[in-house]
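Structure assessment
Residues per chain, in single letters:
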Amino acid sequence: MTGIATALRTLAAGAAAALLALTATAPAAQARPEPKAPGAFVSLRSVDPTIIQEMRYPTAHTFMGEPVDGYRQSLCILTRPAAEALHRAQQELLRQGYSLKVYDCYRPQRAVDHFVRWAKDLGDERMKAEFYPRVDKSRLFADGYIAERSGHSRGSTVDLTLVRLPAAPTRPYRPGETLVPCYAPQAERFPDNSVDMGTGYDCFDTLSHTDDPRVRGVQRAHRQFLKRTLTEAGFVNLAEEWWHYTFRPETFPDTYFDFPVARRSVAGH
């Protein structure tokens, strides 16, 4: 009996040890590696380091008032054809004393999901006074300002503007500072170093429509200058947003990616 009891205790101990080992290794076995970008994606800086980058979504100066999910670093990532087309446009602009400045490039799906969650929370209007003062938040989906998919996630769309050289730095946004409507006169809006486009970036208002007839004079001229330059480089403007351009043909016209905006996502490309 003693021998049998000893054997049973040995078996039980072995089974317990095996179960413990399995439990300890299960999370590692189930953990999914962070997705990386396909080889067709590059950092814009590796193609053209002269283009100014003021990436908004890693910061609190967004229409949500907080950094956006998926933006690990302040970095513009695009498909290589789109980045090379921006380089061609930049070369033309530099000869005329201007530079492109990008606000957003590739956008992971998790960031879009963050936008959707925020838009459904009607109680969070901390940035309304700047970004959507004339739009009821309950209308953001119906009016097309927020959607569950974004062309940015396909990698060939960019939000950008023009800066007259030499470029003065843009001061950091201070959370809690007084907000001014995005369509206010340029001298009153958040001090961006770009040329006057009539509204600030990400302004949820019909005045952001590229050809809105109320936008005239130098503001209209700046929008048309940007549009003409980028059209010649192969980009198509979204009529509702003067800052939004997509390079055609798109490298990934039907794929919405979710790798994070981080240097490691395009390391070695």
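Keep in mind that this is a model prediction, so the values were computed, not measured. (Residues numbered from 1 in each chain as written. Predicted model: local features only at pLDDT ≥ 70, side-chain atom pairs only at ≥ 80, totals over all residues. Heavy atoms only, no water.)

1. Remarks on the nonpolar core
Counting residues in hydrophobic clusters, the biggest one holds 64 residues, and the most contacted among them are L86, L100 and V102. For this core, the leading source of residues is helix α3 (residues 80-95), giving six residues. Excluding anything up to four places from it in sequence, V102 contacts L44, I51, I52, Q53, E54, M55, C76, L86, V158, D159 and L160. (Core = buried A, V, L, I, M, F, W, Y, C linked by side-chain atoms within 4.5 Å. Buried < 20%, exposed > 50% of the residue type's maximum accessible area, 1.4 Å probe, protein only. Helix = DSSP H or I, 4+ residues; strand = E, 2+ residues; numbered from the N terminus. Contact = heavy atoms within 4.5 Å.)

2. A look at the sheet that holds strand β5 (residues 157-164)
What the five strands build is an open sheet, ordered β2-β4-β5-β7-β6; its pairing is mixed. The open sheet has two edge strands, β2 (52-53) and β6 (235-237), and neither has a second partner. Note that strand β4 (residues 98-104) and β5 share six bridges and pair antiparallel. Looking at β5, one finds that L100 is bridged to L162. (Pairing = 2+ DSSP bridges.)

3. Here's the deal with the packing of α3 against helix α6 (residues 217-232)
Two elements in contact, α3 and α6, have axes separated by 9 Å at closest approach and are oriented at 130 degrees. With respect to their mutual orientation, α3 and α6 come out oblique. Seen along the crossing, α3 lies across α6 with a hand that is right-handed. Where α3 abuts α6, its residues L86, A89 and L93 lie against F225, T229 and L230. A breakdown of the residues in the contact of α3 with α6 according to their chemical character gives five nonpolar, one polar and no charged. (Axes fitted to C-alpha atoms, helices over the stretch in contact; angles between N-to-C directions. Parallel < 35°, antiparallel > 145°, perpendicular 65-115°, else oblique. Left-handed = near helix turned anticlockwise from the far one by under 90°. Nonpolar A, V, L, I, M, F, W, Y, C, P; charged D, E, K, R; others polar.)

4. Regarding the side chain of S99
Inspection of the secondary structure assignment puts S99 in strand β4. Separated by 3.0 Å, the side chains of S99 and Q90 make a polar contact. Among all residues touching S99, those that are not within four sequence positions of it are T50, I51, I52, Q90, T161, L162, V163 and L165. (Polar contact = N/O pair within 3.5 Å; in protein donor to acceptor, adjacent residues only side chain to side chain.)

5. Things to note about the state of the cysteines
Tallied over the full model, the rule gives two disulfides. Between C76 and C105 runs a disulfide, and the two sulfur atoms are separated by 2.0 Å. Disulfide C76-C105: the torsion about the S-S bond is -100 degrees, which places it as left-handed. Pair noted here: C76 is in the loop between β2 and β3 (77-79) and C105 is in the loop between β4 and α4 (109-120), with a separation of 29 residues, a long-range link. Note on cysteine connectivity: C182 is disulfide-linked to C203, with sulfurs 2.0 Å apart. (Disulfide = S-S within 2.5 Å.)

6. Some details on the environment of K227
For K227, the position within the fold is in helix α6. As for K227 and T161, which are separated by 66 residues in sequence, their C-alpha atoms are 9.9 Å apart.

7. Describing the pattern of salt bridges
This model, assessed by the stated rule, comprises 22 salt bridges. The closest approach of N and O atoms between R72 and E34, which form a salt bridge, is 2.7 Å. With a gap of 38 residues between them, R72 in the loop between β2 and β3 and E34 in the loop between α1 (2-30) and β1 (41-43) connect regions that are remote in the sequence. The exposure class of R72 is partly exposed, given its relative accessible area of 46%. A salt bridge links R107 to D104; the shortest N-O distance between them is 2.8 Å. Neither R107 nor D104 differs from the other in exposure class; each is buried. Taken together, the shared-partner salt bridges in this structure form one network comprising E34, R72, R110 and D258. (Salt bridge = Lys/Arg side-chain N within 4 Å of Asp/Glu carboxyl O.)

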